[in-house]
Amino acid sequence: MSNIRMTGSFQWMKTLNKSTILNTIRLHSPISRAEIAKKTKLTPPTVTNIVAELIEANLVRESEIGVSKGGRKPILLTINDQDSFIVGVDVGGHLIRTIVTDINAKILTKFEIALPMELTIETFIEKLIQAIDAAINKSKAPKDKILGIGVGMHGIVDYEKGVSIFAPNFQLTNIPIKSCLEKHFQITTFVENDVRAFALGETWYGNGQGTEHLICINIGVGIGAGIILNSELFHGNNGIAGEFGHMIVDINGEKCSCGSYGCLQTVAGGSALRERALKEIKGGRQSLIYDRAQGQIERIDGAFIFNCAKSGDELALEILAETGTYIGIGVLNLINVINPARIIVGGGVAKAGEFVLEPLRKIVKQRALTSGARETEIIHSKLGDDATVIGAVTLVLKDLFSPRVNGE
Ligand SMILES: [Zn+2]
């Protein structure tokens, strides 16, 4: 029994009753066996047997003695957060960020590795393995106690197969991330699009908690959205649900990286901000953006322009307000189609904070379809830079804790 998780698979966990009981303990800890039986409607002997197995597997432990309502005081159960670890990975355009967490998604170790400009599938997988290895070594977590690896990957991802279909920043297609990592580490691996991982992370551990219908928007170099409907990630038929950056906002607009014209990304993504700043500066406009960049135009991104705006630079303020308005139009369209209760904004451009969010909220307040829709909450990500890595960890935890039918 002690080797229960050595296979790196939750095969053993995959029964409805086990995950139901484990999730009940997670949500209501500390809790007694009798209360679990009451909440899950399972018989007390079933609860006792399964709890014994969960304790044996070091996923649950007996913690304290509860208050007695007459008779023997019940022993309370909690999730054992000392003996299981999860690896979360965020693969961006230039950087791999890796974390190791406990079973409550509490970060124990962080590790980052820069990516070279030119990558092949082989060199990318090598770097990915190197980053994960380094994080595991740094955390000193024994490999046989790692429950799973979650990867948030930019671009188009087939989450069922764990394959990166297209990674635009690397110009690579069909990277078999799941199978390569499982072969190397012998640990179950989940792969999801980075923005969808971010949405899942916010839903479980961030500002999305308790919200059934939610949209998380990432505004960085690209613009994407993770859509949560009925508390579940929505993938769509071909896994492109949420490709919000390619919503067309100007039919006569600039060419987009996707081949179409006038996508939201062409007017509100990180490089659009930079282009607009450079155009104005070339036209003779004075701005801190030019002074501070010192000729290194690649440094100009959302956060950079935000810093200039904070110093009162007029051009920076103008660019951010315009960006907020454009994103607001996109968000308004999303609200009218999906009608979420809340929208959470994260990513590089979102770091420009209220300079972008204010004009964005204004558009929604003025133009959404109903008074209810006009009141849609639009707030910042709680997890910030960690949103995607925590989301990647959540991919593993979701599999562990989510009750499933027929042990499929
Ligand atoms: Zn596009």
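Conventions and cut-offs
Residues numbered from 1 in each chain as written. Predicted model: local features only at pLDDT ≥ 70, side-chain atom pairs only at ≥ 80, totals over all residues. Heavy atoms only, no water. Helix = DSSP H or I, 4+ residues; strand = E, 2+ residues; numbered from the N terminus. Rg over C-alpha atoms; globule rule 2.2 N^0.38 Å. Buried < 20%, exposed > 50% of the residue type's maximum accessible area, 1.4 Å probe, protein only. Donors = N, O, S within 2.8 Å, 3.2 Å for Na, K, Ca; no water. Axes fitted to C-alpha atoms, helices over the stretch in contact; angles between N-to-C directions. Parallel < 35°, antiparallel > 145°, perpendicular 65-115°, else oblique. Left-handed = near helix turned anticlockwise from the far one by under 90°. Contact = heavy atoms within 4.5 Å. Nonpolar A, V, L, I, M, F, W, Y, C, P; charged D, E, K, R; others polar. Domains from an automatic or database assignment. Pairing = 2+ DSSP bridges.

Enquirer: Help me understand the overall build of the protein chain, please; the structure alone is not making it clear to me.
Expert: Each helix and strand counted, the protein chain has 14 helices and 16 strands in total. The C-alpha radius of gyration computed for the protein chain amounts to 23 Å, which stays within 12% of the reference 22 Å derived for 408 residues, consistent with globular compactness. The dimensions of the protein chain, computed from C-alpha atoms along their principal axes, are 80 × 50 × 40 Å. Sorting the 408 residues of the protein chain into buried and exposed places 51% on the buried side.

Enquirer: What's the story with the coordination of the zinc ion in this structure? I'm lost.
Expert: Geometrically, a metal with four donors at the corners of a regular tetrahedron has ideal angles of 109.5 degrees, and one with six donors at the corners of a regular octahedron has ideal angles of 90 or 180 degrees. The zinc ion binds to the protein through His246 (ND1), Cys256 (SG), Cys258 (SG) and Cys263 (SG), with metal-donor distances spanning 2.0 to 2.3 Å. Donor residues binding the zinc ion come from one chain and are separated in sequence as H-x9-C-x1-C-x4-C. Under the relative-accessibility criterion, Cys258 is labelled partly exposed at 43%. With relative accessibility at 0%, the residue Cys263 sits in the buried group.

Enquirer: Would you explain the packing of helix α10 (residues 302–310) against helix α11 (residues 314–338) in this entry?
Expert: For the pair α10 and α11, interaxial distance at closest approach is 7 Å and the crossing angle is 125°. Judged on the interaxial angle alone, α11 and α10 are oblique. Handedness of the α10/α11 crossing: left-handed. On the side of α10, the interface is formed by Ile305, Phe306, Cys308 and Ala309, while α11 contributes Ala316, Leu317, Ile319 and Leu320. Looking at side-chain class alone, the contact of α10 with α11 contains eight nonpolar, no polar and no charged residues.

Enquirer: Looking at this structure, I do not really get the domain arrangement of the protein chain. What am I missing?
Expert: One frequently used descriptor of interface size is the decrease in accessible area upon assembly of the parts. Here the domain parsing of the protein chain yields domain 1 (11–80), domain 2 (85–201 + 388–401) and domain 3 (210–381). Placing the centre of domain 1 and that of domain 3 at their C-alpha centroids yields a distance of 45 Å.

Enquirer: Before we go on, may I ask you to explain the sheet that holds strand β15 (residues 342–346) in this structure?
Expert: Backbone hydrogen bonds hold the strands of a sheet together, and the pairing may be parallel or antiparallel. With mixed pairing, five strands are arranged side by side in an open sheet as β14-β13-β12-β15-β16. The open sheet has two edge strands, β14 (232–233) and β16 (377–380), and neither has a second partner. Taken together, the six bridges between strand β12 (residues 214–219) and strand β13 (residues 223–229) define a ladder with antiparallel strand orientation. By the bridge assignment for β13, Ile217 is matched with Ala225.

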